[in-house]
Amino acid sequence: MARFHFHQATTLTPEQYVAGLTDFGPGREKVFSRSADGYLEVHSQGPTEADVTEGSSGVWERLHYDWSNPERVVLTTTDSNTWGGSSGFTYTFKPLPDGQTDVNVEIVREGKNAKGKLLELVLGSVGKGVIRKAFEGSVKAIEARNAAPTAAS
């Protein structure tokens, strides 16, 4: 099993990050590089949870999103062509003294078949930088979506 933990300070509030994380509309792949629009299927969505299939490059997973706790969002893998077991994501949010928010994510990847076990091995050995870059990119993309428009000079 491969485990990753990343965090990044941001000007976003937890609510803004959760709104970006749970926006399953077109263009999601511009925020989350591992969630290609062609794979995206929202099976159901309520006020604090969703059942969504997403993926890219031949790897997909069905995730149960739960954002009922304002300080934590849990994505649990319920089906996948690659991932099983304890796979998923847990996001937590911590206010910082300077008014920013520290966004933390714990990612667990447990391969359920030969393809998954190979990807798990690759991610656990040399893929950490790719996963970190994708997380940091999502924070920047959500910040950009929430930036106030600047007045023309």
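Here, the structure is the one placed above.
Residues numbered from 1 in each chain as written. Predicted model: local features only at pLDDT ≥ 70, side-chain atom pairs only at ≥ 80, totals over all residues. Heavy atoms only, no water.

The next subject is unusual backbone geometry. Although it is not a glycine, Ser57 adopts a positive phi angle of roughly 50°. Checked against the element boundaries, Ser57 lands in the loop between strand E3 (49–56) and strand E4 (59–69). (Helix = DSSP H or I, 4+ residues; strand = E, 2+ residues; numbered from the N terminus.)

Taken together, the side chains of Leu118, Leu121, Val122 and Val126 present a nonpolar region at the surface, about 400 Å² in accessible area. By the secondary structure assignment, Leu118 is in helix H3 (residues 114–125). (Patch = residues over 30% accessible without salt bridge, like charges linked within 9 Å, V, L, I, M, F, W, Y side chains within 5 Å. Areas by Shrake-Rupley, 256 points an atom, 1.4 Å probe, with all protein chains shown as cover. Salt bridge = Lys/Arg side-chain N within 4 Å of Asp/Glu carboxyl O.)

As a further point, take the pattern of salt bridges. Side-chain pairs of opposite charge can arise where the charged atoms are in close proximity. Under the counting rule described, the total for this entry stands at six salt bridges. Its salt-bridge partner being Arg109, residue Glu61 comes within 2.5 Å of it at the nearest N-O pair. Residue Glu61 is found in strand E4, and its partner Arg109 is found in strand E7 (residues 101–109); the two are separated by 48 residues along the sequence. Like Glu61, the residue Arg109 is buried in the burial classification. Notably, a salt bridge pairs Lys112 with Asp79, separated by 3.8 Å at the nearest N-O pair. Here Asp79 lies in strand E5 (residues 72–80) and Lys112 lies in the loop between E7 and H3, a separation of 33 residues in the sequence. (Buried < 20%, exposed > 50% of the residue type's maximum accessible area, 1.4 Å probe, protein only.)

Ordered by their spatial adjacency, seven strands build an open sheet running E1-E7-E6-E5-E4-E3-E2, and the pairing between neighbours is antiparallel. Edge positions in the sheet fall to strand E1 (2–10) and strand E2 (41–45), since each has one partner strand and no second. Across the sheet, the mean angle separating the axes of adjacent strands is 20° when strand polarity is ignored. With eight bridges connecting them, E3 and E4 associate as antiparallel partners. (Pairing = 2+ DSSP bridges. Axes fitted to C-alpha atoms, helices over the stretch in contact; angles between N-to-C directions.)

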